[in-house]
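In case you want the letters, here they are:
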Amino acid sequence: MPLDPPVPYATVTLLITLSTALVRADRETDLGSFRLPYDAEAQRALDRTVLACLLRGAEPPASLPELFVWCRERPLSDWPLDALPDAVGPEDRLLDPEHGRPTELCHEWATRSRDSATEARDRQVIRAALRACAEAGEEDAYTAFRRLLIERPVLTATDAFAVTSDLVLEPVKGILSTIYQEVPESYARDGFYATCGRCLTLLVPVRGGQWWCERDRCRRDGPPPVGRELPISEVGDLRQLERPLRQFVTGPGRAEVGLERRLRALGLKVQMWPNFDSYDLRITFADGHVWAIDVKDWAHPYFLARVARPVPATPPYDEAFWVVPRHRVEDRPGYLAVFARNRPDSAASLVLLTDDALVRRAHARVKEHHA
């Protein structure tokens, strides 16, 4: 079978540079307010885009603000680039077309596409927590830490006091003090903050009295429902998890605990993050048969495939699966095929299922056992 033509290195470099500049700009300032001189990463993004256009005989953006308009209004498939990797679909943009904030594709290009020698921030934090809990011999502390990041990405002053008073979390308190960051008042409207009723993260006020959710899934499901309303006068020093952890721990974690709930409803024994997070869920059936599950809530299968590897062998199990939420596959036709095409040979036997498919398989096995 003929191989797909390789994506030019210049295209990959451009997407990484541009995504990094957009994420950094979103963190530091209003994306629409850029003025000369641009910071170094933003200038590199503009220079590389201009070069790519000139090489194709296309009209380049005249400034960084114009480049940001491209990122918001033009799908990457319409850019004058030689080729695009599997990580980019026909309608993908780096900025949300309605509100101009970085998309999940942008965040994944900015972090997941880095050289493997450069560990992503979310993995740095998780590894630090693992070390601290393992040195203390407190596996329960690590489990509580993971649940906290998943279920409470936003902490009021009262919440933060309760967390710091929780003896179970003692091994990771130093880490918690650095990863929950102060929330600027720009997140508030009419004197209060609001969290998303679906994903629990803070909503961002936008024009027209609306709220914007940073999760692509929430935006596709319509206007985000307001969960908690948090008056500035009452919440004290409001804090939220830093963005890499919200993106790559809180988001996937919602899928992990959702799968835990569904499997427990089948009467199965479920252990979360066993052996200090060797994998996400260890499922034990009534006959002693064990499944090992790693949940991967990634928007883009290309990046997921690049990190594909067999599930760790400890604690022991009989079968192992990687699981992706069903909506990821529905949102991106060919998701499973792109994953299979781009994973390394060392992960050729790795089974990737949707969460719905896994639950159906578990239900069938429970029925077979009771037949």
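What you are looking at is a predicted structure, and each value in this text was computed from that prediction instead of being measured.

Draft legend 1. Inspection of the packing of helix α11 (residues 243-264) against helix α16 (residues 355-370) at higher detail. Across the interface, α11 lies against α16 with an axial gap of 10 Å and an inter-helix angle of 20°. Considering their axes alone, α11 and α16 lie roughly parallel with respect to each other. For the crossing formed where α11 meets α16, the hand is right-handed. Two secondary-structure elements touch here, α11 through Leu259, Arg262 and Leu263 and α16 through Asp355, Asp356, Leu358, Val359 and Ala362. Among the residues forming the contact of α11 with α16, the class breakdown is five nonpolar, no polar and three charged.

Draft legend 2. Examining the sheet that holds strand β11 (residues 319-324) more closely. If you walk across this open sheet you meet the five strands as β8-β9-β10-β11-β12, and the pairing is mixed. Because the sheet does not close on itself, it has two edges, and the strands there are β8 (269-272) and β12 (352-354). Between one strand and the next, the sheet's axes are offset by a mean angle of 30°, whatever the strand orientation. Across five bridges, the pairing between strand β10 (residues 290-295) and β11 is parallel. Each residue of the ladder has a partner; that of Trp291, found in β11, is Glu319. Along the sheet face, α16 touches β10, β11 and β12 and points at about 90° away from the line of β12.

Draft legend 3. Up close: helix α2 (residues 40-55). When the terminal C-alpha atoms of α2 are compared, their 22 Å separation across 16 residues agrees well with the 22 Å that a helix rising 1.5 Å per residue should span. Within α2, burial applies to Glu41, Ala42, Ala45, Leu46, Thr49, Ala52 and Cys53. Seen along its axis, α2 keeps its buried residues to an arc of 140°; they face one direction. The outward face of α2, more than 90 degrees from its buried face, is lined by the exposed residues Ala40, Leu54 and Leu55. Phi for Gly57, located one or two positions after α2, is positive at around 70°.

Cut-offs used in this document
- Residues numbered from 1 in each chain as written.
- Predicted model: local features only at pLDDT ≥ 70, side-chain atom pairs only at ≥ 80, totals over all residues.
- Heavy atoms only, no water.
- Axes fitted to C-alpha atoms, helices over the stretch in contact; angles between N-to-C directions.
- Helix = DSSP H or I, 4+ residues; strand = E, 2+ residues; numbered from the N terminus.
- Parallel < 35°, antiparallel > 145°, perpendicular 65-115°, else oblique.
- Left-handed = near helix turned anticlockwise from the far one by under 90°.
- Contact = heavy atoms within 4.5 Å.
- Nonpolar A, V, L, I, M, F, W, Y, C, P; charged D, E, K, R; others polar.
- Pairing = 2+ DSSP bridges.
- Expected span 1.5 Å × (residues − 1).
- Buried < 20%, exposed > 50% of the residue type's maximum accessible area, 1.4 Å probe, protein only.
- Arc of directions from axis to C-beta.

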